[in-house]
Amino acid sequence: EIAFTKKPISQHLTNQPYISTTMMRFLGWIFLIVLLTVSATVTVTADDSSLDDDSTPFRHFVAHNKTMTCSADEHARPFNNQIRGVNLGGWMVLEPWITPSLFYQFLSGRENSTAFDTYTFCQVLGATEANRQLRNHWDKWVTEDIIAELANSGAVNSLRLPVGDYMYKPYGPYVGCFDGALQYVDNLLDWAYSHGLTVLFDIHTMKDSQNGFDNSGQALGFQWTSALSAEYVDQISFQHWPIRDAKWMGTFDQDKAEYSYINRENIKHSLAVIQEIVDRYAGHPAVLGLEPVNEPWQYTPIDELKRFYWEGYLMVKRQAPFWKYIMHDSFRLDPNLWGGFMDGCPERALDTHIYQAWRDPDSRIGFYTNACNEKGILATMEREFGPVIVGEWSLATDNCAMWLNGFNDNLPGFPRLPCKYTPCADSYLGKVQPGVPLDPAKPLQGPYGTGISGPIYGLCPSSRDWVKESSGNPLTGRDWVKAPPQAPQHLDDTDNVMRNLALKKLDAFAGIAHGFYFWNFRTDLYDPQWSYMAALDRGWIPRGSLMSNNDIDLACKREDENDYICVFKKHQLDSAVRDAVHYALEAQNLTSATHTKVFNLTGSAFLQAADDVISDYFEKFHKKGATCDFGGTTQLVERGRNITDEEWVYYSDDEYRFESNGPQIPIWMFALIGLGVALFGAFLGFIVAMRCSPGFNARIRSYAVLNPITKSHSSMIRSSLNLPALSDYDEIKQVIATNQAEQDGNMF
């Protein structure tokens, strides 16, 4: 044993020859290793007493499978830099409205020869022909020159790349159809890296469709109706929107609007696709991260979706620990739904898509305010969930882009206003592509869906123009209500409206959230509202860094300061006004006594109270995302200003001109004004003739009936009418009489 005394420990050790210095060094290293191990364990389990069987330790955090949360995040790669990006839509996942040149060949097609989406494109054409056309498309739709142009704009730092699950795990008609696609993706990653851009992989399609849209790869809820309409007209027809369906998650019961069966095999397939993407690209420096599914529809079972997100997240983190993992909100941007989900987990974010194209028609101020109001819900989600990005947005304020709601189809009731028709653009694919160029001699061709959208005599529908407001106030004017879809050049205010709207959206999305991706980088047809590159060329979106841009930073200043109030439009139905007031009172949790007090009023007193209720509601809730709409019965006006009937303006479609619909001028007043103008003109003509024509002057002086004027003693009258002095008047009169007699004698 070692006899420890109060001697220095070094002396004790020196006096014990059987414990060597080497041994002490060895023991010291063992002690240090144990200490570091314990320290690391304490760090990893900082928030947990121990690592239970339900936890998965990662390099920089611990994942808890039961609660789908994380702890001990070391913040190794914080989400400090905002995304400023564009989508590369239409390249690897076909959407007819983005690249209609690929789908013109199916116009006038029959039930077994018409394609509506990527799935039927491969099915109808067959793998060999479809792949031939796709390779031409892949070569030309996204090029390195385009990537360089986006990077050189100074406003783009990232690309969101929609890819198909079928590219990594082919099935059905996709087998062979997308051969070679991955090489094009590899090239894109290299181009992006060389130009300083990152790429977010967005798995845009799911087996059996996650939403029923054509952008999911396969439009579901589709039915041919040709036989049903043959009695009236011999044409090929179909319906899609009234019977939507999505089978990725399983069997959807349309009567109950819920899933009766969960398809585990489809979910397993999707997770396998995630693994394939991670395996292939984990080491590429251009990859920003992954979005495991795009736009799962709002009926997707939320618990199943969250579990899918969680499993995909763990797969990504095992091999690509610094990838961002961005999850779509399933069209449910609700803090009660997403708040706390994957709490504490690093590099995860929520994606929401914000479009105004499907809103009801509105004034420019309505669209401006709606864009700025998105700050409220985005701020709430950032607080309750964490990082949020706006993964898709555009400048469209209408539904006019051709085939936006599907090939040769449209949503029931859309577009809400007439669309502009302009010559269809030349195809980017060249004349080798079947179906191009379009035949300008043909009207709208089938097959026909439930709505109308398509080329007509070589003209394609596109976004409406905005007109200048004749009221003199562009913020509250009403010319937009019945303005022509294509504005006369001197009244076209589209550039101004789009520029302001873009700045306000940039302020909202970049000022509050973690960034955005514009949809889309370009379009086959010319539609700058949907094309980032065209919007840059038009000056709607600024070039250069969007950081510290005063135009962007102050774009929503007026809306943020609440300089607008919500009031009812003139001449609304009483029932509509009362419904809106009832809703606003309920939303504010006001007492039944307040309800009774308001609804007991009549006439102008009730309308004033209704305006007050709606205004109070909007002031309280607009920063939380509330709009001034109420079924189209209300509108925003500048504080302290009333909208009168005099500011209603409409246009006559037949004459293509603007007419006032304000207070009408009586016909008798028009007649009186016309008579006055005629008399004044006659008077001026009389004076000019008297002064310039001696013969006319002499004849007028010869008429006795005009003696009160011609013999007037007023020097002003005599000077104005060029009358001679009164002393010479009789002599002149005698000369005129003599000359007249001589002329009469010569006639015989």
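As the structure is a computational prediction, the values presented were derived from the model and not from experiment. (Residues numbered from 1 in each chain as written. Predicted model: local features only at pLDDT ≥ 70, side-chain atom pairs only at ≥ 80, totals over all residues. Heavy atoms only, no water.)

Student: Whenever I open this one, the overall build of the protein confuses me. Can you help?
Tutor: Tallying secondary structure elements over the protein gives 23 helices and 21 strands in all. By the burial criterion, 51% of the 748 residues in the protein qualify as buried. Pairs at least 24 apart in sequence give 72% of the contacts found in the protein among residues at least 6 apart. Accessible surface, the protein as shown: approximately 35,800 Å² in total, 54% of it carbon and sulfur. (Helix = DSSP H or I, 4+ residues; strand = E, 2+ residues; numbered from the N terminus. Buried < 20%, exposed > 50% of the residue type's maximum accessible area, 1.4 Å probe, protein only. Contact = heavy atoms within 4.5 Å. Areas by Shrake-Rupley, 256 points an atom, 1.4 Å probe, with all protein chains shown as cover.)

Student: Mind showing me how you'd approach the packing of helix α3 (residues 118–125) against helix α4 (residues 127–141) here?
Tutor: When two helices pack together, their arrangement is given by the angle between the helix axes and by the axis-to-axis distance. Across the interface, α3 lies against α4 with an axial gap of 6 Å and an inter-helix angle of 125°. It follows from the interaxial angle that α3 and α4 lie oblique. As for the relative orientation of α3 and α4, their crossing is right-handed in sense. Residues F121, C122 and L125 of α3 touch α4, and the partners they reach there are A127, E129, A130, Q133 and L134. The residue makeup of the contact of α3 with α4, split by class, is six nonpolar, one polar and one charged. (Axes fitted to C-alpha atoms, helices over the stretch in contact; angles between N-to-C directions. Parallel < 35°, antiparallel > 145°, perpendicular 65-115°, else oblique. Left-handed = near helix turned anticlockwise from the far one by under 90°. Nonpolar A, V, L, I, M, F, W, Y, C, P; charged D, E, K, R; others polar.)

Student: Sorry, what's going on with empty space enclosed by the protein here?
Tutor: Rolled over the atoms, a probe sized like a water molecule indicates the empty space that remains. In the structure shown here, the tally under the stated rule is eight cavities of 30 Å³ or more. Computed from the structure, the largest cavity encloses a volume of approximately 210 Å³. Considering the residues around the largest cavity, the lining is formed by 19 residues, among which P361, T397, D398, L417 and R464 are closest to the centre. For the lining of the largest cavity, the per-class residue count stands at eleven nonpolar, two polar and six charged. (1 Å grid on protein atoms, 1.4 Å probe; cavity = no way out; pocket = protein on both sides within 12 Å on 5 of 7 lines; lining within 4 Å. Points joined across faces, edges and corners; volume = space filled by probe spheres on them.)

Student: I tried to follow the pattern of salt bridges on my own but got confused; where do I start?
Tutor: Opposite charge on two side chains permits them to pair, given that their charged atoms come into close proximity. Following the criterion strictly, the structure yields 19 salt bridges and no others. In this structure, K317 engages E347 in a salt bridge whose closest nitrogen and oxygen atoms are separated by 3.0 Å. Of this pair, K317 sits in helix α9 (residues 302–319) while E347 is found in the loop between α10 (335–338) and β13 (348–354), placing the two residues 30 residues apart along the sequence. In this structure, a network of salt bridges that share partners links the residues R160, D202, E291, D351 and E392. (Salt bridge = Lys/Arg side-chain N within 4 Å of Asp/Glu carboxyl O.)

Student: Got a minute to help me understand the environment of H60 in this structure?
Tutor: Looking at the secondary structure, you find H60 in the loop between β1 (55–57) and β2 (62–64). A sequence separation of 257 residues divides H60 from K317, and the C-alpha atoms of the two residues are 10.0 Å apart. Once residues within four sequence positions are removed from consideration, H60 is found in contact with A72, D73, E74, A76 and F322.

Student: Just to check I follow, could you spell out the side chain of E392 for this structure?
Tutor: Locating E392 in the fold gives a position in strand β14 (residues 388–393). Residue E392 is classed as buried on the basis of its relative accessible area of 4%. At 3.1 Å, the side chain of E392 and the side chain of R160 are in polar contact. Separated by 2.7 Å, the side chains of E392 and Y355 make a polar contact. Leave out the neighbours within four places in its chain, and E392 touches N87, R160, H204, N294, E295, D351, T352, H353, I354, Y355, Y517 and W519. (Polar contact = N/O pair within 3.5 Å; in protein donor to acceptor, adjacent residues only side chain to side chain.)

Student: Help me out: how do you make sense of the packing of aromatic side chains in this one?
Tutor: Between two aromatic rings, the relevant description is the distance of the centres plus the angle of the planes. Per the stated rule, a full pass over the model turns up 49 aromatic pairs. Both rings, one in F58 and one in F61, keep their centres 4.8 Å apart while their planes meet at 5°; by these two values the pair is stacked. For F58, a relative accessible area of 13% corresponds to the buried category. Residues F103 and F407 carry aromatic rings whose centres are separated by 6.5 Å and whose planes lie at 45° to one another, so their mutual orientation is tilted. You can see F103 sitting in the loop between β4 (83–87) and α3 and its partner F407 sitting in the loop between β14 and β15 (420–423), a full 304 residues away along the chain. Both residues of the pair, F103 and F407, count as buried. Positioned above the aromatic ring of F414, the side-chain terminus of R416 is 4.2 Å from the ring centre. (Phe/Tyr/Trp six-rings, centres within 6.5 Å; stacked < 30°, edge-to-face > 60°. Lys NZ or Arg CZ within 6 Å of the ring centre and 35° of its normal.)

Student: What is the right way to look at a nonpolar patch on the surface in this model?
Tutor: On the surface, a nonpolar cluster with roughly 530 Å² of combined accessible area is contributed by W668, M669, L672, I673 and V677. Following the sequence through the fold, V677 ends up in helix α19 (residues 667–692). (Patch = residues over 30% accessible without salt bridge, like charges linked within 9 Å, V, L, I, M, F, W, Y side chains within 5 Å.)

Student: Any chance you could explain the nonpolar core here in plain terms?
Tutor: Within soluble globular proteins, side chains that are nonpolar tend to cluster in buried spots. One finds L159 and F201 to be the most contacted residues of the largest nonpolar core, which totals 145 residues. In contact with F201, other than residues within four places in its own chain, are L161, V163, Y168, V185, L189, I277, Y281, V287, G289, L290 and E291. In this structure, A580, V613, Y617 and F618 belong to the second largest nonpolar core, which totals 16 residues. (Core = buried A, V, L, I, M, F, W, Y, C linked by side-chain atoms within 4.5 Å.)

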